[in-house]
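One-letter residues, chain by chain:
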Amino acid sequence: MKTYHIITIGCQMNKSDSERLASILEKNGYRKTDNKYKADLITVNTCGVRQMAEDRIYGLIPEIKRKNKKAKIILTGCLVNRKDVRRRLEKYVDIWMMITEMTNDKFPMTNQCQISNVKYQNDYLKIVPKYESKFSAYVPIGNGCDNFCSYCVVPYARGREVYRLAKDIVDEAKNLVNRGYKEIILIAQNVNSYKSGKIDFADLLKQLDNIKGDFWLRFITSHPKDMSDKLIKTIAGSKNICRHIHLPVQAGDDKVLNKMNRQYARIDYIKLVKKVRQDLNDQFPIFNDQKNTKLKIQNLWKQPVAITTDIIVGFPGETKKQFDNSAKLMKEVKFDLAYIVRYSPRPGTAAFKMADNVTKLEKKRREEKLMEILRKTALDNNKKYIGKIVKVLVEGKDKRGKLFGSTETAKVVKISNAPCNDKLIGEFADVKIIKVMDFGLEWEIA
Ligand code: SF4
């Protein structure tokens, strides 16, 4: 039997694509191996969002080919259509394949192939994936992006937005919940612009929230310009949707936001965060009464909504003053977590033509400054958890054999002094928070 190995770099969408690819390969008689130097077929699912992610494949692919000469290498993901990448790797890569074009001629399959008709985005999203986890699943609701933020390769790499039928998404989620999955993570480049006939993202969430069972529903990523009042209301009134909103701000200065083509101003973002916090924490008294009663019975604490973000430092032409506006915004919003990245020019994007004139050293300095602010706001937010009992999804064991998991607000928690029981992995547990750090909490079984 032939074997395959998939290397996935980058975002959740890539991870989910790899799960679909694994399912196709297994249907065609391939067996998974963890050893990339022994596999017959190796797929590298690439990421082109940052230079660092791109650089990984330039070392990795020649090394695999050197140590495993018989292997066929497929390159897929965001970098597949970049001419310079093709030139650089042409002698190592056997097949260049968009994930949405898994056709017979692209695959070196020997036996009967099931995938000959998978050539359109919606068809590819219909492939039933081979889920990596037994309790948490990514469910893509669409693919592609129409927004063209000036620094981003996604609209070029993945094409325009295409969304799945609501019924297909609900069926997939129902199936997962019935199989005992505890966490459904909806993914798309911009979930907020989801459309399926008359059904928008808020309607879709409502349908999913109505599925019977004990599970959490999460979604990523939300574009601030498309986050509607209806959506916030839907989250506030839901049973299963996690109180965690990932809301990429990218910059805190209007001129930079404009150059990034983000289509909102700093003030719009701040108002939106206030609204999310207000509506999800305090409003809807009727619902909150019910929820609080439920929580009281379970002795659980109602966690305030967590807001996390992505932010870029050193965008072309970003002055010290403009950067200070990002720093001020971070202090004002008090994020629970932020993915702070140093700008790197991406070929093919609008920003690639702008002068990348903030020095590497200055980008590093700016990143560190924001990190310092984040550590403080995250710690302040986490301090509210001390002594509280919260529900946690236990996700696994760390290197020292200690259990860890996440709260619905996406805070990583690790066990301190409770007995380590493997049976808890993949289950919800009520835990008492006994210690907090800037990027994590420590708990014991309640
Ligand atoms: S919204 Fe902007 S940053 Fe996000 S995928 Fe689309 S173009 Fe890229």
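Source: prediction; values computed, not measured.

(A) Inspection of empty space enclosed by the protein at higher detail. If you walk through the whole model with that rule in mind, you get 1 cavity of 30 Å³ or more. Its volume calculated, the largest cavity comes out at about 90 Å³. Taken together, Asn14, Asp17, Asn45, Thr76, Gly77, Cys78, Met98, Ile99, Thr100, Asn143, Ala157 and Arg158 make up the lining of the largest cavity. Looking at the lining of the largest cavity, the elements that each hand over two or more residues are α1 (12–27), β4 (72–77) and α5 (154–158). Across the lining of the largest cavity, the residue classes break down as 4 nonpolar, 6 polar and 2 charged. Formed jointly, the lining of the largest cavity draws a minimum of three residues from each of two domains, domain 1 (3–121) and domain 2 (133–242).

(B) Quick look at helix α13 (residues 360–383). Its 24 residues give α13 an end-to-end C-alpha distance of 34 Å, which sits within 8% of 34 Å, the value for a rise of 1.5 Å per residue. Glu362, Lys363, Arg366, Glu367, Leu370, Ile373, Leu374, Thr377, Ala378, Asn381 and Asn382 are the residues of α13 that are buried.

(C) The arrangement of the site of the ligand in detail. Around the ligand sit Cys145, Asn147, Phe148, Cys149, Tyr151, Cys152, Val154, Pro155, Gln189, His223 and Arg262, and that is every residue in its neighbourhood. Among the residues making up the shell around the ligand, the classes are represented as 7 nonpolar, 3 polar and 1 charged.

(D) Structural view of unusual backbone geometry. Note that the residue after Ile220, namely Thr221, is joined by a cis bond; omega there is 0°. Looking at the element boundaries, Thr221 is found in the loop between β12 (216–220) and α8 (229–236). A positive phi angle, near 60°, is found at Asn261, a position not held by glycine. On the secondary structure map, Asn261 appears in the loop between α9 (254–259) and α10 (266–281). Although it is not a glycine, Lys334 sits at a positive phi angle of roughly 60°.

(E) A look at the packing of aromatic side chains. Inspection of the entire model under this criterion finds 9 aromatic pairs. On the numbers, 5.2 Å between centres and 80° between planes, the contact of Phe201 with Phe219 is edge-to-face. Of this pair, Phe201 sits in helix α7 (residues 201–209) while Phe219 is found in strand β12, placing the two residues 18 residues apart along the sequence. Residue class for Phe219 comes out buried when judged on its relative accessible area of 5%. The ring centre of Tyr58 lies 3.6 Å from the NZ or CZ of Arg88, which sits over that ring. Against the face of Phe428 rests Lys391, its NZ or CZ located 4.2 Å from the ring centre.

(F) Up close: the packing of helix α6 (residues 166–178) against α7. At their nearest, the axes of α6 and α7 sit 10 Å apart, and the two run at 30° to each other. Here α6 is positioned roughly parallel relative to α7, judged by the angle of their axes. Of the two possible hands of crossing, α6 and α7 adopt the one that is right-handed. For the pair α6 and α7, contact is made by Ala166, Ile169, Val170 and Ala173 and by Leu204, Gln207 and Leu208, respectively.

(G) Region of interest: a positive patch on the surface. Among the surface-exposed residues, Lys255, Lys321, Lys328, Lys331 and Lys369 lie close enough to one another that they form a single positively charged patch. Broken down by element, the positive patch gets its largest block of residues, 3 residues, from helix α12 (residues 320–333).

(H) How the structure looks around the sheet that holds strand β1 (residues 3–8). Across the sheet, 5 strands lie side by side as β2-β1-β3-β4-β5; this open sheet has parallel pairing. The outermost strands of the open sheet, each flanked by one partner alone, are β2 (31–32) and β5 (95–96). Pairing of strand β3 (residues 41–46) with β4, which is carried by 6 bridges, proceeds in the parallel orientation. Note on β4: the bridge partner recorded for Val44 is Leu75.

(I) Layout of the side chain of Lys391. With respect to the helices, strands and loops of the structure, Lys391 is situated in strand β16 (residues 389–397). One polar contact links Lys391 to Asp214, side chain to side chain, over a distance of 3.0 Å. Setting aside residues up to four positions removed in sequence, Lys391 forms contacts with Asp214, Trp216, Leu300, Gln303, Ser406, Thr407, Glu408, Phe428, Ala429 and Asp430.

(J) Structural detail: the pattern of salt bridges. For the structure shown, the criterion picks out 34 salt bridges. The salt bridge involving Lys65 is made with Asp94; its shortest N-O contact spans 2.9 Å. Taken as a pair, Lys65 in helix α2 (residues 51–67) and Asp94 in the loop between α3 (83–89) and β5 lie far apart in primary sequence, 29 residues in all. A salt bridge links Glu183 to Arg218, with the shortest nitrogen-to-oxygen separation between them at 2.7 Å. Here Glu183 is found in strand β9 (residues 183–187), whereas its partner Arg218 is found in strand β12, with 35 residues between them in sequence. Connected through salt bridges with shared partners, the residues Glu54, Arg82, Asp84 and Arg346 form a single ionic network.

(K) Main features of the environment of Thr43. Mapped onto the elements of the fold, Thr43 is located in strand β3. Thr43 gets classed as buried once you look at its relative accessible area, which sits at 1%. Beyond its immediate chain neighbours, meaning those up to four positions away, Thr43 contacts His5, Ile6, Ile7, Leu21, Ile74 and Thr76.

(L) Representation of the packing of α8 against α10 in the model. Running from N to C, α8 and α10 point in directions that differ by 30°, and their axes come no closer than 9 Å. Accordingly, the angle class assigned to the pair α8 and α10 is roughly parallel. For the crossing formed where α8 meets α10, the hand is right-handed. Mapping the contact onto sequence places Asp229, Ile232, Ile235 and Ala236 in α8 and Leu272, Lys275, Val276, Asp279 and Leu280 in α10. Taken together, the residues of the contact of α8 with α10 break down into 6 nonpolar, no polar and 3 charged.

(M) Local environment of the pairing of strand β15 (residues 337–342). One ladder, built from 6 bridges, connects strand β14 (residues 306–313) with β15; its direction is parallel. Considered in β15, the bridge of Thr308 is made with Leu337. Handedness of the crossover joining β14 and β15 through α12 is recorded here as right-handed.

The rules behind each value
The numbers attached to residues start from 1 for each chain and follow its sequence in the written order. For a predicted model such as this one, the threshold for reporting local features is a pLDDT of at least 70, and the threshold for listing and counting side-chain atom pairs is 80 or more; totals across whole chains, interfaces and linings nevertheless cover every residue. Calculated side-chain values reflect all of the structure's heavy atoms, with hydrogen atoms and water omitted. For cavity detection a 1 Å grid was placed over the protein atoms alone, and a set of points counts as a cavity when a 1.4 Å probe fits there but cannot get out; an open set counts as a pocket when protein lies on both sides within 12 Å along at least five of seven lines, with lining residues being those that have an atom within 4 Å of a point. Grid points are joined across faces, edges and corners, and a volume is the space filled by probe spheres set on the points. Helix and strand assignments come from DSSP, with helices taken as H or I runs of at least 4 residues and strands as E runs of at least 2, each series counted from the N terminus. The residue classification treats Ala, Val, Leu, Ile, Met, Phe, Trp, Tyr, Cys and Pro as nonpolar and Asp, Glu, Lys and Arg as charged. All others, Gly included, are polar. What fixes the domain bounds is an automatic or database domain assignment. The span expected for a helix works out to 1.5 Å for each residue beyond the first. The buried label applies to any residue whose accessible area, calculated with a 1.4 Å probe on protein chains only, is under 20% of its type's maximum; exposed applies above 50%, and partly exposed to all values in between. Consider each residue's heavy atoms; a residue with any of them within 4 Å of a molecule or strand counts as near. Pairing of aromatic rings covers Phe, Tyr and Trp, the last through its six-membered ring, and needs centres within 6.5 Å; plane angles under 30 degrees mean stacked, over 60 mean edge-to-face, and all others mean tilted. We call a charge positioned over a ring when the NZ of a Lys or the CZ of an Arg lies within 6 Å of the ring centre and within 35 degrees of the ring normal. Interaxial angle, 0 to 180 degrees, is taken between N-to-C directions of lines fitted to C-alpha atoms, where a helix line uses only the stretch in contact. Just so you know how the angles are binned, under 35 degrees is roughly parallel, over 145 roughly antiparallel, 65 to 115 roughly perpendicular, and the rest oblique. Take the far helix as the reference: if the near one is turned anticlockwise from it by less than a right angle, the crossing is left-handed, and if turned clockwise, right-handed. Residues are treated as being in contact if the distance between any of their heavy atoms lies within 4.5 Å. Residues enter patches when their relative accessible area tops 30% and they take part in no salt bridge; the joining distance is 9 Å for like charges and 5 Å for the nonpolar side chains Val, Leu, Ile, Met, Phe, Trp and Tyr. Areas reported here follow the Shrake-Rupley algorithm with a probe of radius 1.4 Å; residue values treat only the protein chains shown as occluding. Every case where a carboxyl oxygen of Asp or Glu lies within 4 Å of a side-chain nitrogen of Lys or Arg is listed as a salt bridge. For the purpose of counting charges, residues Lys and Arg are taken to be positive, whereas Asp and Glu are taken to be negative. His and the chain ends are not included. Lysine's charge is taken at NZ, arginine's at CZ, aspartate's at CG and glutamate's at CD. Whether two strands pair depends on DSSP finding at least two bridges between them. In protein, a polar contact requires one atom able to donate a hydrogen and another able to accept it; more generally it is a pair of N or O atoms within 3.5 Å, and residues adjacent in sequence count only if both atoms are side-chain atoms. Orient the strands so they point away from the viewer; a crossover is then right-handed if the path from the first strand over the helix to the second runs clockwise.

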